[in-house]
Amino acid sequence: MLEAAEELTATRPSPYKVEVPLSGTGPAERIAAWCAHIHRATPVPWVVLSQGVQMADFPAAAGFLAGRAVWRDCVAPVDPTPALTELARPRLAALRETVINTPHSSLGDC
């Protein structure tokens, strides 16, 4: 993961997109440590992708790019509007609140 970050950010993407370290599982300290390594390896802004992990496993971060973790359960119904309203909207709101209310310094270099 670190080697890929070093090589790919040399092309100067904006932003660099990286999967959740450890697939979002394991101790928060280990995930934060991997984020710190990625941060040091990337000279460009970067975001953590949800990569479809369960919402409970999507780590607190200084920023995120949430996709499947937010809307995955909403695509099966013929009319996804109720599911998007009842599931996806609160999930996205919770992620937003996490980012707003999490001091950046508590996440190390993440």
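Residues numbered from 1 in each chain as written. Predicted model: local features only at pLDDT ≥ 70, side-chain atom pairs only at ≥ 80, totals over all residues. Heavy atoms only, no water.

Chemist: Got a sec to walk through the overall build of the protein chain? Specific residues and values, please.
Modeler: Counting its secondary structure elements, the protein chain contains 4 helices and 2 strands. In sequence order, the secondary structure elements of the protein chain are arranged as α-β-α-β-α-α. The 110 residues of the protein chain split such that 31% are buried. When contacts within the protein chain are restricted to residue pairs at least 6 apart in sequence, long-range pairs at least 24 apart make up 53% of them. (Helix = DSSP H or I, 4+ residues; strand = E, 2+ residues; numbered from the N terminus. Buried < 20%, exposed > 50% of the residue type's maximum accessible area, 1.4 Å probe, protein only. Contact = heavy atoms within 4.5 Å.)

Chemist: Which residues make up the pairing of strand β1 (residues 16-19), and what values go with them?
Modeler: Residues Y16 and V18 of β1 are buried on one face, while the alternating residues K17 and E19, pointing to the opposite face, are not. As judged from the 4 bridges shared by β1 and strand β2 (residues 46-49), these two strands associate in the parallel manner. Paired with E19 across the strands is L49, a residue of β2. Each parallel crossover has a hand, and for β1 linked through helix α2 (residues 28-41) to β2 it is right-handed. (Pairing = 2+ DSSP bridges. Right-handed = clockwise from strand over helix to strand, strands pointing away.)

Chemist: Please give an account of the environment of K17 that cites residues and values.
Modeler: Along the polypeptide, K17 turns up in strand β1. Looking at K17, the relative accessible area reads 49%, which means it is partly exposed. Taking C-alpha positions, K17 is 5.1 Å from V47, a pair spaced 30 residues apart along the chain. Among all residues touching K17, those that are not within four sequence positions of it are V47, L49 and L65.

Chemist: Describe the pattern of salt bridges, listing the residues and the values that go with them.
Modeler: Counted by the stated rule, this structure contains 2 salt bridges. Between D73 and R91 there is a salt bridge, with its nearest N and O atoms 2.7 Å apart. In this pair, D73 sits in the loop between α3 (68-71) and α4 (81-101) while R91 sits in helix α4, placing the two residues 18 residues apart along the sequence. Residue R96 is joined to E97 by a salt bridge in which the shortest nitrogen-to-oxygen separation is 3.2 Å. E97 sits in the partly exposed class, given a relative accessible area of 37%. (Salt bridge = Lys/Arg side-chain N within 4 Å of Asp/Glu carboxyl O.)

Chemist: Before we move on, could you go through the nonpolar core and cite the residues and values that matter?
Modeler: Formed by A5, Y16, V18, V20, I31, C35, I38, A41, V44, W46 and V48, the largest nonpolar core amounts to 11 residues. Listing elements by their share of this core, those giving two or more residues are β1, α2 and β2. Sort the elements by how many residues they give to this core and α2 lands first, with 4 residues. (Core = buried A, V, L, I, M, F, W, Y, C linked by side-chain atoms within 4.5 Å.)

Chemist: Tell me about the environment of Y16, residues and numbers included.
Modeler: With respect to the helices and strands, the residue Y16 is situated in strand β1. The buried category is assigned to Y16, whose relative accessible area is 8%. C-alpha separation for the pair Y16 and W46, spaced 30 residues apart in sequence, amounts to 4.4 Å. Apart from residues no more than four positions distant in its own chain, Y16 is found in contact with A4, A5, L8, T9, T42, V44, P45, W46 and V47.

Just distances and angles here, no functional claims.
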